[in-house]
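Geometric and topological summary
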Amino acid sequence: MRLFALLLGLLFSLTGVSATVAQPVQSQPTGVVAFGPQRTERIEAELVPMSQWVAPGSTTVVAVRQKIAPGWHTYWRNPGDSGGATSLIWTLPAGVTADPILWPLPSRQRLMSLMNYGYSGAVLLPVPIHVPPTARPGEVLTLTTDVLFLVCSDQMCVPEPMTLSLALPVREGAAPLAKPWGEEIERLVETAPRPAGIEARVTRQGGQLILTAIGGPLSGDQAGADIVQVYFYPFDGGRIDHAAAQSGQRGPNGLTLTLTAGKDATQTALRGVLATDKGAWEIAAEPGAPLAGAQGGEALKPLDETTATPVKTGALVFLQALGLALLGGLVLNLMPCVFPVLAMKAASLSAAAHDPARARRDGLAFTAGALVSFLVLAGVLLALRAAGQAIGWGFQLQSPGVVAALALVMLLVGLNLSGVFHVGAGLQSAGSGPLSRLPGSAGAVFTGVLAVVVAAPCTAPFMAAALGAALVLSWPMALAVFLMLGLGLALPYLAISLSPGLLSRLPRPGVWMERLKGLLAFPMYGAALWLLWVFTRQGGVDALGLLLAAALLLALAAWLTGLAQAARQRDERPILTTICAIVVGVLALGLAGAAAGAARDADAAPQGDSGPLAAQPWSAAAVNAATASRRPVLVNLTADWCVTCKINERAALSSPRVAEAMREANAAYLIGDWTRRDDAITRELQAHGRSGVPLYLLYRPGRAEPEILPQLLTEGVVVDALKG
């Protein structure tokens, strides 16, 4: 979201108004002329002055006044774990300059495991304005600023760009305070955090940062002796864990704060605001040993904990997420990445068609496997998110090791369906041979697990919104959303398995089932080949060579296992064959591990396929550059393991009609490849309420927000969007 806000801010600046010069007074009154507030349904804002006029060569203060609607908030200079700071781009008369915002202390806004810093209600952001000595009394200085607010609620964030103006007359002499905001602006300026001669050091101790500060107003003979509350607001995100508790201790000449290190913590200066119940000051803590005189006294409390405003999640959002998750899980059954595993269950369903008890058992076991797998994936995803990792749905397939393991599992399943070996000793018979199924409930559970794992690359329609909501809900609600996804995936098979009337319509077991089993092996081989291709894109050809050797040895181990199983059915004892199968299998696993290691060390970076379209790598800077030149921008956030992405790229984005439409529109085409982990792409997905690919964005000249195209593209959709 922060990246999105910065992008809009730069775009807004590039399309802003031209500079306004000083103008002589005509029929203007001698007081301040304000151009009035700007309003949206979420925020009202205007420029307001501290003084009634300005003198040549003086410094005055104006403020951006915000009146934020109930339930919404804006952000401090460091927004915390999410959000984006308010930005100002000034257009000023010649010689007039503006300083940065004098940021008032923010409130703390907690959302689950996240902590944000921001403002709600009425807020003034003071800005010092320097007037040149050449300004002539009788002139009017028109100040204009392009403001970008990121206004958020517990459900959504909305960028709100505005252009605010204020006319200040130039007169000789000291100016009285302007009404109605002058006194409040003056108070904010006087109390704004600023350097105060405090010496500070930061020391890294494992996962903690020990911040010590002495001198200045912290000395024992000044206000420092009476300090009982303290809190540190860092200027830079990621340096500390914003949501973690801060513990403090007072010393004779200062104080000590123990902070939890953030993901970007390094041994460099830690800058921020040291806020206490006796004042707030800017500090820059250099790396070094703790300072003497900052410890040994009483423990300090967190500053005014009541300012940590919890952001509550509405029940309506939760219910909507549950409904979308159920629909998304149902549609997931139609996505290409799930077909191979559902082919396994089709064979099992046919085999159990005339055994209702067995069909019910398999249906419930398959559902249990799917639900448990969704819970496990959701738990890992939420835990990594809480630890500060920028990941999204399908994160497991960004690991070459996981892709290699899945490819080998798909190969084994295919060999099992082809009859090379059999899983379990007691396969039931039907007609002339073994059924095309894994034995018992364990096989049904395994198939449910496998269905979820291979379904992860797909983000079906309705599913994206549900996942996006789940990642900002409280963890019990998020887990419920993921469970609903699993139920949607398993529901068709479960419904058929619990419907004797539907089952009775299927043909009785016979020779056709053996043939069906052999036929359904080929989707599994196809899935294995696809995963090998993904692995190649992630790790290069050297790693692929190792993985192919592992696959060959694994196939040999499966064939030896099949020989041993056949020998046991003849009441023989195939000891040597069994030992060889084990040895070859272990060698295969060793080679697979080496392949995964080689892939992790590979320098090869995957590149998305652009087809006939001339594509460039996606980045926020590339979007800014293209929009600055007044070109439309089509952004394709994709991954090689995303089957839906590849189908869209082949069916729609490789179309000659689309290429011609792109040329006619002079559009830029940017590809963000998420095949391997990329935190910038993850943040861009999150900025648009998504947790996985595909995501297609169309930026139009003169518009701050992009259009989000459907997840299932046709060439007509893309062409119409480019012409719209």
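Read on for an overview of the structure. Bear in mind that the values here come from a model prediction, so they are computed numbers and not experimental data.

How each quantity is defined
- Residues numbered from 1 in each chain as written.
- Predicted model: local features only at pLDDT ≥ 70, side-chain atom pairs only at ≥ 80, totals over all residues.
- Heavy atoms only, no water.
- Salt bridge = Lys/Arg side-chain N within 4 Å of Asp/Glu carboxyl O.
- Helix = DSSP H or I, 4+ residues; strand = E, 2+ residues; numbered from the N terminus.
- Buried < 20%, exposed > 50% of the residue type's maximum accessible area, 1.4 Å probe, protein only.
- Pairing = 2+ DSSP bridges.
- Patch = residues over 30% accessible without salt bridge, like charges linked within 9 Å, V, L, I, M, F, W, Y side chains within 5 Å.
- Areas by Shrake-Rupley, 256 points an atom, 1.4 Å probe, with all protein chains shown as cover.
- Phe/Tyr/Trp six-rings, centres within 6.5 Å; stacked < 30°, edge-to-face > 60°.
- Core = buried A, V, L, I, M, F, W, Y, C linked by side-chain atoms within 4.5 Å.
- Polar contact = N/O pair within 3.5 Å; in protein donor to acceptor, adjacent residues only side chain to side chain.
- Contact = heavy atoms within 4.5 Å.

Our focus in this paragraph is the pattern of salt bridges. Counted under the stated rule, the structure contains 14 salt bridges. The closest approach of N and O atoms between Glu 715 and Arg 657, which form a salt bridge, is 3.0 Å. Separated by 58 residues along the polypeptide, Glu 715 in helix 17 (residues 715-723) and Arg 657 in helix 15 (residues 656-665) bring together distant segments of the chain. Owing to a relative accessible area of 26%, Glu 715 belongs among the partly exposed residues under this scheme.

Glancing now at helix 13 (residues 620-628). Of all the residues in helix 13, the buried ones are Ala 620, Val 623, Asn 624, Ala 626 and Thr 627. In the segment just after helix 13, Arg 630 is the residue with positive phi, at about 65°.

Attention now goes to the pairing of strand 12 (residues 139-152). Counting buried residues in strand 12 gives 14 out of 14 residues, a clear majority hidden from the surface. Here strand 12 shows two buried faces, one formed by Glu 139, Leu 141, Leu 143, Thr 145, Val 147, Phe 149 and Val 151 and the other by Val 140, Thr 142, Thr 144, Asp 146, Leu 148, Leu 150 and Cys 152. Judged from the 5 bridges that link them, strand 7 (residues 87-91) and strand 12 form a sheet pairing that is antiparallel. Within strand 12, the residue paired with Ile 89 across the bridge is Asp 146. Two strands pair when backbone bridges link them, and strand 12 and strand 13 (residues 157-169) are joined in this way by 13 bridges, in the antiparallel orientation. From the neighbouring strand, Phe 149 faces strand 13, where its bridge partner is Glu 160.

A surface patch of nonpolar side chains, about 360 Å² in accessible area, is lined by Ile 575, Ile 579, Val 583 and Leu 587. With respect to the secondary-structure elements, Ile 579 resides in helix 12 (residues 575-601).

Right, let's get into the environment of Ile 647. Along the polypeptide, Ile 647 turns up in helix 14 (residues 643-653). By relative accessible area, which is 40% here, Ile 647 ends up partly exposed. Taking the C-alpha atoms as reference points, Ile 647 and Leu 713, separated by 66 residues in sequence, lie 8.8 Å from one another.

Across the sheet, 5 strands lie side by side as 26-28-27-29-30; this open sheet has mixed pairing. The open sheet is flanked by strand 26 (615-617) and strand 30 (707-708), the only strands paired with a single partner. Note that strand 27 (residues 633-638) and strand 29 (residues 695-699) share 5 bridges and pair antiparallel. Paired with Asn 636 across the two strands is Tyr 696, which belongs to strand 29.

Okay, the packing of aromatic side chains next. Per the stated rule, a full pass over the model turns up 6 aromatic pairs. Their ring planes at 80° and their centres at 6.0 Å tell us that Trp 76 and Tyr 117 sit as a pair that is edge-to-face. Of this pair, Trp 76 sits in strand 6 (residues 74-80) while Tyr 117 sits in strand 10 (residues 114-119), and the two are 41 residues apart along the sequence. Residue Tyr 117 is classed as buried on the basis of its relative accessible area of 0%. The interplanar angle of 45° and the centroid separation of 6.1 Å between the aromatic rings of Trp 76 and Phe 235 together place this pair among those described as tilted. One end of the pair, Trp 76, is in strand 6; the other, Phe 235, is in the loop between strand 17 (229-234) and strand 18 (247-250), and 159 residues separate them in sequence. Trp 76 gets classed as buried once you look at its relative accessible area, which sits at 1%. The rings of Trp 76, Tyr 117, Tyr 231, Tyr 233 and Phe 235 are connected pair by pair, giving a single aromatic cluster.

In this section: the nonpolar core. Proteins that are soluble and globular tend to have nonpolar side chains buried together. Counting 43 residues, the largest nonpolar core has Trp 76 and Phe 149 as the members making the most contacts within it. Within the residue set of this core, elements represented by two or more residues are strand 4 (43-49), strand 5 (59-68), strand 10, strand 11 (122-130), strand 12, strand 13, strand 17 and strand 20 (270-276). In this structure, Val 403, Ala 404, Ala 521 and Leu 531 belong to the second largest nonpolar core, which totals 33 residues.

Moving on, we come to the sheet that holds strand 5. Taken in spatial order, the 5 strands of this open sheet run 3-4-5-11-8, and their pairing is antiparallel. If you trace the sheet from one side to the other, it starts and ends with strand 3 (38-39) and strand 8 (97-98), each paired once.

The side-chain alternation of strand 18 yields one buried face, formed by Gly 248 and Arg 250, and one unburied face, formed by Ser 247 and Gln 249. Direction of pairing for strand 18 relative to strand 19 (residues 254-260): antiparallel, over a ladder of 4 bridges. Within strand 19, the residue paired with Ser 247 across the bridge is Thr 258. Connecting strand 18 to the antiparallel partner strand 19 that follows it, the hairpin turn spans 3 residues.

Along the chain, Lys 179 connects to Pro 180 via a cis peptide bond; the corresponding omega equals 10°. Relative to the elements of secondary structure, Pro 180 occurs in the loop between strand 13 and helix 2 (182-191). Although it is not a glycine, Asp 571 adopts a positive phi angle of roughly 65°. Structurally, the position occupied by Asp 571 is in the loop between helix 11 (511-569) and helix 12. The exposed category is assigned to Asp 571, whose relative accessible area is 73%. We note that Arg 630 has phi near 65°; this positive angle belongs to a residue other than glycine. Turning to its location among the elements, Arg 630 is positioned in the loop between helix 13 and strand 27. When its relative accessible area of 48% is taken as the criterion, Arg 630 is described as partly exposed.

Below, the discussion takes up the environment of Arg 515. Within the fold, Arg 515 resides in helix 11. Separated by 98 residues in the primary sequence, Arg 515 and Leu 417 have C-alpha atoms spaced 10.0 Å apart.

Tracing the sequence through the fold places Thr 638 in strand 27. Relative accessible area serves as the criterion here: at 1%, Thr 638 is assigned to the buried category. Here the side chain of Thr 638 touches Glu 649 through a polar contact of 2.8 Å, side chain to side chain. Beyond its immediate stretch of four places on either side in the chain, Thr 638 contacts Cys 645, Lys 646, Glu 649, Ile 671, Gly 672, Asp 673, Trp 674, Thr 675 and Val 693.

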